[in-house]
Amino acid sequence: MGDTLLQIHHLHTSFFTQLGEVKAIRDVSFRLDKGEILGIVGESGSGKSVTSLSIMKLLPYPGKIVSGEILLDGENLVSKSSRQMRRIHGDKIAMIFQDPMTSLNPLFSIGNQIVEAITEHQRISRRKAVEKAVDMLRIVGIPSPEKRIRSFPYEFSGGMRQRAMIAMALSCEPELLIADEPTTALDVTIQAQVLRLIKELNDSLGTATILITHNLGCAASTCDRILVMYGGQIMEEAPVDEIFYDPRHPYTMGLLHSIPKATAREAQERLVPILGTPPDMLHPPTGCPFYPRCVFAMKICASREVPEFVISDGHRAKCWLCHPEAPRIEKYEAQKGGVRHEAAKE
Amino acid sequence: MKLQKSNCSLLEVRNLKMYFKRHTGILSRRVEYVKAVDDVSFSIERGETFGLVGESGCGKSTTGCSIVRLYKPTSGHIFYDGLDLAELSTKEMWPYRRKLQMIFQDPYASLNPRMTVSDIIGEPLDIFNISKGRERRDRISKLLEVVGLSKSHASRYPHEFSGGQRQRIGIARALAVNPEFIVCDEPISALDVSIQAQVINMLEELQEQLGLTYLFIAHDLSVVRHISRRVGVMYLGSLVEMASTEDLFRNTLHPYTQALLSAVPVPDPELSRRMNAQVLEGDVPSPIDTPRGCKFASRCMRARKNCFDSAPSLRNVGSEHYVACHYV
């Protein structure tokens with residue numbers, strides 16, 4: 001792929017609560033190329049949102065980056081002050097939040113808020129900024145943007161608000177867009193509109209995007225590469241096809257089998273849930289965070305921290321079963337094929 | 001009370017309307033009606049699962065709440081085992097509350113944080129005088145076991161549980177009075193992916209063991225497809241299509257259902273690359289001034305002139321497949 005835009009090395013982020021240190025992110029490393037859409041998939045509490053907030057350096061109190069490097073275009077963001085980060089926010093990195101209802105200021109018009117973002121970073125006249133805001137609203141598909149720019153957030157529907165958020169995020173042409181569950185609060189038809197928009201803007205503007213989602217369907221249709229997170233660690237990383245058709249981590253396999261299939265005959269099959277509940281991050285299990293719920297758990301999983309195994313170029317997984325000397329488990333081998341729907345085979 | 005026996009279905013909803021009155025304007029003199037449910041008819045047979053899908057604000061939850069009579073419907077009939085629940089007074093409704101139960105969407109909001117789990121599950125037992133003392137305790141621990149929790153959980157408070165476990169408590173509460181019919185109002189949409197499958201499987205097992213009938217309300221089509229035998233699709237307060245699950249997904253007729261189906265992201269990259277999502281433009285019209293003609297006409301790609309003038313009715317196009325569109 002192309003040039004690397006973002007590189008994260010051994011990031012550790014913790015929340016220092018009264019009850020003790022919650023290690024929300026433990027040793028996360030990944031990179032993002034220019035023009036790429038990277039998906040981060042995981043359940044609530046898996047650390048996917050904390051990863052994005054660490055990149056933005058917007059961690060709420062008592063969260064702190066303990067160690068690690070976040071390199072954006074070679075510049076380490078970890079050592080930046082909040083004042084320096086202000087220049088980077090919106091200009092180089094922009095973020096779209098989950099809830100478009102609460103992330104817009106209800107007291108200012110949509111146009112006002114977009115113009116504010118533009119004038120904060122660019123030395124242009126207010127009139128030029130307004131023109132640009134209108135253009136941005138047009139790009140994200142808001143009808144008659146000249147008029148709607150004077151509307152207030154309450155006059156917009158959920159989907160339109162999320163579009164306005166995207167317009168604001170992209171108004172300074174950031175190199176990196178982080179979308180944290182951008183469609184979770186929206187209906188499926190609106191979700192499809194927003195995902196398509198993100199993909200189109202990625203094609204036309206070349207903005208590298210991190211899409212955080214818990215919906216594997218959204219990830220499959222939008223992303224180029226996927227990280228699967230669990231218990232604050234990256235369990236598996238691979239190009240989108242390999243995650244779905246050649247998964248190696250039992251957690252990835254479990255996720256794929258616990259959602260209903262998309263084709264008629266398969267849709268009624270009994271689901272195979274992942275038993276148990278996600279780990280308590282205050283007292284995470286030693287060894288692999290997934291082993292208490294894993295059907296293939298071995299002795300070593302509970303005691304030894306799992307290293308990363310490289311399966312192929314760009315595909316890595318954190319599971320002892322990927323070790324060359326691991327025992328052969330039939331059921332595990334059987335699930336390696338992942339999920340390929342009947343309709344896709346035809 | 002009117003006894004009007006309808007065929008073998010357990011529940012029959014006929015021309016159900018639920019309008020909410022709103023006072024607007026200065027001095028609140030102007031009255032307008034939010035037509036949340038506007039003339040909906042369907043029936044559910046004993047032991048089956050009927051899925052109700054649609055976007056938020058389409059009236060699917062209001063339909064569910066009207067059936068268990070959390071609202072008094074504006075007009076229409078809800079025949080339960082032949083008896084019209086819509087006309088019953090609160091007092092007359094009382095014995096039926098035991099037969100119809102509900103599972104709510106948000107397991108964080110639907111459990112009282114000040115009550116212990118045994119209080120929560122025991123409350124319906126007390127209200128209906130089902131069991132007391134030791135029998136009550138035994139029953140609560142049995143119910144907890146049924147939903148996959150342990151006896152020791154009984155004395156804890158809701159905040160000590162995860163979302164999936166809370167939803168199990170909500171299900172145990174619904175099961176406490178041995179209901180026949182349960183309205184599941186988006187029971188899994190607030191849960192994590194890995195927990196959703198646990199709850200769905202449990203609902204299916206309970207149905208097999210106890211012969212329950214479900215009205216399953218959801219916006220996630222893949223889940224509805226998995227669990228239901230028949231599905232109704234709602235748009236702006238009306239049913240636009242209703243058919244057996246297989247028929248609806250294989251032979252989708254209504255343009256809205258087609259758009260809805262194509263918008264569902266498929267967890268298969270190759271398949272989703274090949275599928276050309278037919279993205280709906282615009283937003284759902286307001287349920288206050290509903291359009292005169294077909295409610296979907298403003299967003300429909302196939303809409304012609306008469307779609308805006310006359311509203312299509314839900315008609316049978318063969319093999320119990322109902323659709324409300326002029327051009328099918």
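All values derive from a computational prediction rather than experimental measurement.

Enquirer: Please provide a residue-by-residue account of the pairing of strand S7 (residues 181–185) of chain B, values included.
Expert: Residues and elements named next belong to chain B. Of all five residues in S7, five are buried; the element is thus mostly enclosed. Alternating positions in S7 separate into two faces, Phe-181, Val-183 and Asp-185 on one and Ile-182 and Cys-184 on the other, with burial throughout. Judged from the four bridges that link them, strand S6 (residues 100–103) and S7 form a sheet pairing that is parallel. Bridge pairing in S7 links Leu-100 to Phe-181. Pairing of S7 with strand S8 (residues 213–218) involves five bridges; the strand directions are parallel. Residue pairing in the sheet places Asp-185 in a bridge with Ile-217 of S8. For the segment spanning S7, helix H6 (residues 193–210) and S8, crossover handedness is right-handed.

Enquirer: Provide a residue-level description of the sheet that holds strand S5 (residues 83–84) of chain B, including the pertinent values.
Expert: Residue and element names in this part refer to chain B. Ordered by their spatial adjacency, four strands build an open sheet running S2-S1-S4-S5, and the pairing between neighbours is antiparallel. The open sheet has two edge strands with one neighbour each: strand S2 (30–44) and S5. Here strand S1 (residues 11–24) pairs with strand S4 (residues 75–80) via five bridges, running antiparallel. Pairing of Glu-12 across the sheet is with Phe-79, part of S4.

Enquirer: Would you mind going over the sheet that holds strand S6 (residues 93–96) of chain A in detail, with residue names and values included?
Expert: Residues and elements named next belong to chain A. Strand order in the open sheet made by the eight strands is S6-S7-S8-S3-S9-S10-S12-S11, with mixed pairing throughout. Two strands in the sheet have a free side with no partner beyond their single neighbour: S6 and strand S11 (309–312). Between one strand axis and the next, the sheet turns by 20° as a mean value, whatever way the strands run. Sheet analysis places S6 next to strand S7 (residues 176–180), joined by four bridges and oriented parallel. Among the inter-strand pairings, Ala-94 is bridged to a residue of S7, identified as Leu-177. Lying over the sheet, helix H1 (residues 48–56) contacts strand S3 (37–41), S6, S7, strand S8 (208–213) and strand S9 (225–230), oriented at roughly 145° with respect to S7.

Enquirer: Can you explain the interface of chain B and chain A? Please cite residues and give values.
Expert: Interface size, as often reported, equals the accessible area lost upon joining of the parts. Of the residues lining the interface, 36 residues belong to chain B; the matching set on chain A comes to 43 residues. Broken down by element, the side of chain B that touches chain A gets its largest block of residues, seven residues, from H6(B).

Enquirer: An account of the packing of helix H6 (residues 158–170) of chain A against helix H7 (residues 188–205) of chain A is requested, with residue identities and associated values reported.
Expert: All names here are of chain A. Running from N to C, H6 and H7 cross one another at 20°; their axes reach a closest spacing of 10 Å. On the basis of the axis angle, H6 is roughly parallel to H7. Viewed along their axes, H6 and H7 form a crossing whose handedness is right-handed. Between H6 and H7, the contacting residues are Gly-158, Gly-159, Gln-162, Arg-163, Ile-166 and Leu-170 on the first element and Ile-190, Gln-193, Val-194, Leu-197, Leu-201 and Leu-205 on the second. Of the residues assigned to the contact of H6 with H7, the class counts are seven nonpolar, four polar and one charged.

Enquirer: Give me the packing of helix H3 (residues 110–121) of chain A against H6(A): which residues, what numbers.
Expert: How two helices pack is summed up by the angle between their axes together with the distance between the axes. All names here are of chain A. Orientation of H3 relative to H6, taken along the N-to-C sense of each, is 20°, at an axis distance of 8 Å. Of the possible angle classes, the one that applies to H3 and H6 is roughly parallel. In the crossing of H3 with H6, the sense of the turn from one axis to the other is right-handed. For the pair H3 and H6, contact is made by Ile-110, Gln-113, Ile-114 and Ala-117 and by Ala-164, Ala-167 and Met-168, respectively.

Enquirer: Give me the lowdown on helix H4 (residues 126–139) of chain A, citing residues and values where you can.
Expert: In an α-helix, one turn spans 3.6 residues; hence positions three or four apart end up facing the same way. All names here are of chain A. Here H4 spans 20 Å end to end across 14 residues, near enough to the 20 Å set by a 1.5 Å rise per residue. Listed as buried for H4 are Ala-129, Ala-133, Val-134, Met-136 and Leu-137. Down the axis of H4, the buried set is contained in an arc of 160°. They therefore lie on one face. Along H4, exposed side chains directed more than 90 degrees from the buried face belong to Arg-127 and Asp-135. If you follow the buried residues of H4, they end up packed against H3, helix H5 (145–148) and H6. Following H4 by one or two positions, Gly-141 has its phi on the positive side, about 85°.

Rules used in this analysis
- Residues numbered from 1 in each chain as written.
- Chains lettered and ligands numbered in written order.
- Predicted model: local features only at pLDDT ≥ 70, side-chain atom pairs only at ≥ 80, totals over all residues.
- Buried ≥ 20, exposed ≤ 12 C-beta atoms within 10 Å, placed from the backbone.
- Helix = DSSP H or I, 4+ residues; strand = E, 2+ residues; numbered from the N terminus.
- Pairing = 2+ DSSP bridges.
- Right-handed = clockwise from strand over helix to strand, strands pointing away.
- Axes fitted to C-alpha atoms, helices over the stretch in contact; angles between N-to-C directions.
- Contact = placed C-beta atoms within 7 Å.
- Parallel < 35°, antiparallel > 145°, perpendicular 65-115°, else oblique.
- Left-handed = near helix turned anticlockwise from the far one by under 90°.
- Nonpolar A, V, L, I, M, F, W, Y, C, P; charged D, E, K, R; others polar.
- Expected span 1.5 Å × (residues − 1).
- Arc of directions from axis to C-beta.

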